[in-house]
Amino acid sequence: MSSDPADPSEPTSPEGQALQPRRFMHLRWDLDKTYLRTEFDSVKDLIRTFRQKAEDKIAVAGASALLRALLDPRERSHRRVTFISGSPRQMRKVLTAKLALDGVEPDMFILKPNLENLLRGRFRAIRGQVGYKLKALLLSHMAAEHVDEYLFGDDAEQDAFIYSVYADILAGRVDAVALAAILSTCKVYRGDIDEIMAYHRQLFGSGEVVRRIFIHLERRSPLDRFAAYGARIVAIYNYFQGAAVLFEAGALEPRGLLAVTAAMELEGYTPERLANSLQDLMRRGVLHFGTIERMSRELAAAESTMGRPVPRFLHAFEDAIGSLENLQRPGPAWEAEINYLGIYHEARFRRQQHRFLGIRLLD
């Protein structure tokens, strides 16, 4: 019995089979300690960072190469990148110039109104991130029928918490009552709560849009700190690990993986060190053995077409994973319900208190 013909209203292949609509990819990046090596743990650090020129700012190893690969010109019409940074708006010119030097042009660049917060006496908002970043994420959400979001943050602040709440709002798991409790507990200002709740009414239940959340372990936080969030969050020690996970997901092409590998080598990463990074992901059940085999094949093929030497890396990868073929661990579960209030209260016991302009603030 023949199958039903494709709907004539849908795009079709030459063979007459209905094609899947092209998916948009929305990349959300934090800036400090995620994309840029930045120090802001003291007023002196903040002043030095503010005075830096674009050419003085240094990207985290592999970050710019990964982002450029994900924004491949051949796919750029279906890809979008939004930077959401806690840096003050007064730094827009120098930060935009730095990204331009790296060959990155953001579609949207959101910076924090710290001067406005200071003048209005909103001192908690100067250091706090939950209200600011959650509102920015909801504001810049890409309303497309077919969209995958990949979020990049770090462990220096509350990115894992904020990104996960955002993802669960879209997925329909954090309802209005739960969100109001979270925002109140996080001491978000009333005006910001009202705005966030308005966005919640518009976007709640949009779908399982956020595919992965990558947390760069700039402070080398223990991995078990992220266990409660489930498999959606992937803690990474370097961006080669992020590239490998994206490659497995089909979000990164082999040529992009090769570009990140080459960039990491320029930053001093040896084949053995990168191989150990893959081994770490396998031990955690994040990356599968078959993916490493496919990586080796694809890298070898990319070498022949792009003329970049990779044999040393291939041999190191094969040596590192050879003993792990039978030791593949099951990956973490995709948590359906996350206890955000419990996570927040637990984090308060670990979090240090800071001083900014003589005011004690909770990071």
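A brief look at the structure comes next. (Residues numbered from 1 in each chain as written. Predicted model: local features only at pLDDT ≥ 70, side-chain atom pairs only at ≥ 80, totals over all residues. Heavy atoms only, no water.)

## Comments concerning the overall build of the chain
Next up, step 1: From N to C terminus, the chain includes 15 helices and eight strands.
Next up, step 2: Expressed as a percentage of the 363 residues in the chain, the buried residues total 52%.
Next up, step 3: Taking the intrachain contacts of the chain between residues at least 6 apart in sequence as the baseline, contacts between residues at least 24 apart amount to 74%.
Next up, step 4: In the structure as shown, the chain presents an accessible area of about 17900 Å², 52% of it carried by carbon and sulfur atoms. (Helix = DSSP H or I, 4+ residues; strand = E, 2+ residues; numbered from the N terminus. Buried < 20%, exposed > 50% of the residue type's maximum accessible area, 1.4 Å probe, protein only. Contact = heavy atoms within 4.5 Å. Areas by Shrake-Rupley, 256 points an atom, 1.4 Å probe, with all protein chains shown as cover.)

## What to know about the environment of aspartate 56
Next up, step 1: Mapped onto the elements, aspartate 56 comes out in the loop between helix H1 (43–51) and helix H2 (63–70).
Next up, step 2: C-alpha of aspartate 56 to C-alpha of lysine 98: the two residues are 42 residues apart in sequence and 8.6 Å apart in space.

## A closer look at the pairing of strand E3 (residues 108–112)
Next up, step 1: The element E3 is extensively covered by neighbouring structure, given that four of its five residues are classed as buried.
Next up, step 2: Where strand E2 (residues 79–88) meets E3, four bridges bridge the pair, whose relative direction is parallel. Each residue of the ladder has a partner; that of threonine 82, found in E3, is methionine 108. (Pairing = 2+ DSSP bridges.)

## Looking at the pairing of strand E1 (residues 24–29)
Next up, step 1: E1 sits mainly inside the fold: five of its six residues count as buried.
Next up, step 2: Looking at chain direction, E1 and strand E4 (residues 147–154) are connected through six bridges and run parallel. Pairing of leucine 27 across the sheet is with tyrosine 150, part of E4.
Next up, step 3: Where E1 and E2 come together, five bridges link them in parallel fashion.

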